[in-house]
Structure formats: C-alpha cells, structure tokens
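# Summary of the model geometry
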Amino acid sequence: MAADTSKPFFPAAPHTSLLPSHGNTNRLSPEASYWRNFRSSELVTGSNYAVTHLTFSPAHAKPTLAAVYFSKVQLFTGDPLTPRPKISGSRDFVYSPSFRSDGALLAAGDIKGVVRVFRVDKPTSGPLRTLSAHTAGAHVVRYPVAGGDKIHLLTAGDDALLAYWDVPSETPVFTVSAAHRDYIRAGAPSPVDHNLFVTGSYDSSVKLWDARTGKAPSLSFSHGASVESVLFLPSGGLLATAGGNMVKIWDVIGGGRLVHSVESHVKTVMSLALGRMGTTGETRLLSAGSDGYVKSFDYGQLKITHSMRCPKQLLSVACSPCGTVLVAGSSKGDIFVRRRKKAVIEEEEQGGEAVSGVLDWTSSNPKKQVLKPSYYRYFRRGQNEKPKQGDFVIAKPKKVKIAEHDKLLRKFRHNDALVSALAMNNPRSVVAVMEELVARRKLVRCIGNLDADQLGFLLVFLHRNATLPRYARLLLGVANKVLEMRAEDICSDGKLRGYIRNLKRMVAEEIQIQHTLQGIQGMISPMLALASK
C-alpha cells in the first residue's frame, strides 16, 4: 500500500514546552510592565558640559522641563519635548533651577553666588530680580511648593550661607552664616508646609529649618556620607537623603529616626526625584547614580521595583507631574528621555481604569511561581528553614581563617612571614613566629636579611615588648643578636640609633625597677620569717 504523503512525518510546529521563553511578559510584575512601556530617546543640547540639574514645572498642562548645563538654562516643552529659547542670565556656571508653584517664574543660581529670577513665558527678556548675598556658588535654589507661597525663596551654597528671601523686595528675611560646616549642595521644601525646608551638606549632616523660628535648625541628624540630594516624600513626614552609594529614608515626625537604608547603587547617588505611576496613581522614589542606573524604589513596601540602565554617568533625574516623561542628565551633556507610549496610554483611557481611588492605589502582587523538579530552586528548597523542637541540627564546620604569616611559613618564606607578623603589631603572633623560626633554625638568617625599614619595625617591637615577663627571655636574646649582627647598619643610620637608645633606656629602667623590688623583698623576708615563728 502506498504511503500517505498528505501529512508530514514531523509536526510543523514544535511543542510549546520545547521553545525558549525569551522573557515571557506574563511573568513580569505590574511594576516592571509599567516601566517597560517607556520608549527611549535623547534630547540634543549641543553641548558637552554636564547636565547637573533637571526639573519639571509643577503647573503647566504640558510637560515643561528646565535643564542646566554650563551657563545656560534650556527650556523644553510639549509631548514630545521640543526646545525653546535659552535663558542666558550669566556667563558662569548655573545651578539648581526652580519653578514657582504656579510655573510662571524660574529661579537659578550661579557659581558666583548670584541668584536670578526669570519669566518662563519670556525667557530672553532678562532677569526680573537679582538676589546677591552669597560669596560662593549658590547650588541650592528652591521655591516653596505648599500653601501657594509665591514671594519667598530659599538659597544656600558653598559658603555655608543659608538665606530666606523676600523676592519682590530683593531682601533676605533672615540669613544663617554658618548653617553647615561644609558646602551645602542639597535642599528641598516641605510639600505640606511652606515654612519648612531641609538642607544637606558635604559635612554629612541634614538639617530641618522653620522660617518662622529663624536661625536655629528644628532637627539635625547625620546621613553618614556627603549629602548630594534630599527630597521630601509626598506625605511630608518622611525624608529621603542620598549620599555615597546609599539612599536613606528618615522619619521627620519621629525626630529623625532612620526607617530604611537602600544600597542598590554601586557608585555615588547623585540625584533623587519622585515619579508618579499613571496606571495606579502611586508614587515611586527615583534615584540616579554615577553608575549609570536609575532605580525605582517603592517606599511603601521598602524594596527596589525596577532598574533602568543608561550608557553614561548620571548626575540628575526628573519625572513629569503626569508621570509620562522620565529624563536623566549625564556628565557628557546628554539628556536621556523615556516617554510612555501613546498607544498604551490611550488603551488605558479607553479601558476606563481609575487612577484616583484609594482602593486603586494598591497594585496586586504577582503570584508566586510554583516549584517544579526541573527548577534549580526546587533542589535548594528548605535552606532557610529554622530548626524546630526535636529536630537534629547538624552544624556546618566553620572555615578556619589562616593568618598571612602562617600562609607564608607554609611556603617557607621565612623573612616575609616575620615582616608580616611585625606589621600586625600583635606580640603573641610575633613571638609565635619567632619561636617557629628558632625551631627551623632560620631566625638568625632572617635578622641578617632585614632591610633598614624592616629592621626599624623589629627594634620598635623590641622596645615595646622586650621587658614583658611573658616574652622577656626570648626577646632580650633577639635584641642581643640584633646588636651583634647589625651593628654597622645601626651606627650608619641615625633613625636606627634612636631606636637603640630607646631600647637601652627601657632596659635600664627595667633593671632599676628590679633592684628596687629586690630591696623591698630583702626588707620583707625577715618580717615574714619572724611572723611564721
């Protein structure tokens, strides 16, 4: 019978279990799915200078971004972001742009300490106000964000001066000449009270100020490293500080109590920002570091939820109030933009997802993956189980850490072993090495092979420990052998002669003490003999 050729010998498509997963999107958490819906691009600044600061206007309907590099403040607006005329109020480096709460004015400081206020709708018309009080770079310029305050401004800089300004009259309400002991490079206003603001300095301190009380800080605590950025969380009761490779969360209402410490970056964290998730209305803490990563931190569950990689070192980060645009500035003049795809936004709007309900603010956690015998974690299960009553616990033998001089003795590097023990400055270890070298008949040769610096280490050790009763017999013999063998080297080197003089003086004092003790023993022994009778 002829074979049926209408059907292939093998199935046209392989079984689904044989196909690689290639990052199945169904396994992604809602958080990762949200951030992966952002499309990457770059803004052209036309400059190779570092983008030190980025900030979005809190009031404009369309995203309005202010970026600082060299002596320029560049404005971008629209979706996608398009450049507007540059604000050029200074010929020196410009720092820390800050929008007023209504988005009509923009203030920025420069390297000479001058703070200028501009109109956003007329960026080329020149500054409206010029505030001069600092003698060094004004790295912190902040408008209040709560209460609709439009007339005050906070400035601080490298001269450790803190100033609270009345902008219309160009006069400071109060100044604090030594607010910190080092450069002030970070500051943030409170989102719940326009009178409260916080500053961070390179002296590792973070201070909370109240404009109503004046020149004394209301609260002060230490971050543990030079503070690069500070930021209030939306509730106003928690504060985030960045410095070193750490981001720390503090309870301001609780008196500066440390709530959590995040060490997800491998290099210095340069900037902090708040990012609003458009799907749920939740807020995430964003951190950018010089390692090129932007991290998203869920401060409600105290965990890192997503990481975004950029090809260059990052100095600044910002997110639009609507949560659709995320920008990061690099040290080479690039602005990396991540914009949420319009198709995803339109799909969510058509689906009628609510973004403003208390119940909608909690995203569902992903289901825990079921263990299967083909998984590696299946064979590692039970490693974190704690013993219960009645269980037999088999203790794992601890690995013995071998000292460096013991390793060198095993390799018969006797001279290096003696030098390594002397560097540890532990009398017990040094004497043990010397006794081992005596047993191997190598101590005399090691003393002869020491150079001038190593010989100095040995003489200092003898000066400190030769008269200890526990080691006196061995160490005094070693001292005599050193004088016999290295007399010429000691006479030719003034530093070694000083060590020998100290050793001689110490031995003479010990001999005098022994003579005094023998005299006291001679007086006491007859009394003890009479008392025994």
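This one's a predicted model, so the numbers in the text were calculated from it and none came from an experiment.

Each value, and the rule that gives it
Residues numbered from 1 in each chain as written. Predicted model: local features only at pLDDT ≥ 70, side-chain atom pairs only at ≥ 80, totals over all residues. Heavy atoms only, no water. Helix = DSSP H or I, 4+ residues; strand = E, 2+ residues; numbered from the N terminus. Buried < 20%, exposed > 50% of the residue type's maximum accessible area, 1.4 Å probe, protein only. Contact = heavy atoms within 4.5 Å. Salt bridge = Lys/Arg side-chain N within 4 Å of Asp/Glu carboxyl O. Axes fitted to C-alpha atoms, helices over the stretch in contact; angles between N-to-C directions. Parallel < 35°, antiparallel > 145°, perpendicular 65-115°, else oblique. Left-handed = near helix turned anticlockwise from the far one by under 90°.

Inspection of the secondary structure assignment puts N195 in the loop between strand 14 (184-189) and strand 15 (196-201). For N195, a relative accessible area of 12% translates into the label buried. Between the alpha carbons of N195 and R212 there is a distance of 6.7 Å; along the sequence they are 17 residues apart. Sequence-distant contacts of N195, that is, excluding residues within four places in its chain, are made with W209, D210, A211 and R212.

Take unusual backbone geometry next. For the bond from D79 to P80, the omega torsion is 10°, close enough to zero to count as cis. If you trace the backbone, P80 turns up in the loop between strand 4 (72-77) and strand 5 (82-83). One non-glycine residue, F412, adopts positive backbone phi at about 60°. Assignment of secondary structure puts F412 in the loop between helix 4 (404-410) and helix 5 (414-424).

All told, the structure shown has 20 salt bridges when counted by the stated rule. R100 is paired through a salt bridge with D102; the nearest N and O atoms lie 2.7 Å apart. You can call D102 partly exposed: its relative accessible area is 28%. The residue E170 makes a salt bridge to R129 at a minimum N-O spacing of 4.0 Å.

This part takes up the packing of helix 6 (residues 427-439) against helix 8 (residues 452-465). Their axes nearest at 12 Å, the elements helix 6 and helix 8 cross at an angle of 115°. Of the possible angle classes, the one that applies to helix 6 and helix 8 is roughly perpendicular. The two elements helix 6 and helix 8 cross, and the hand of that crossing is left-handed. Side by side, helix 6 and helix 8 meet where P427, V430, V431 and M434 of the first sit next to L458, F461 and N465 of the second.

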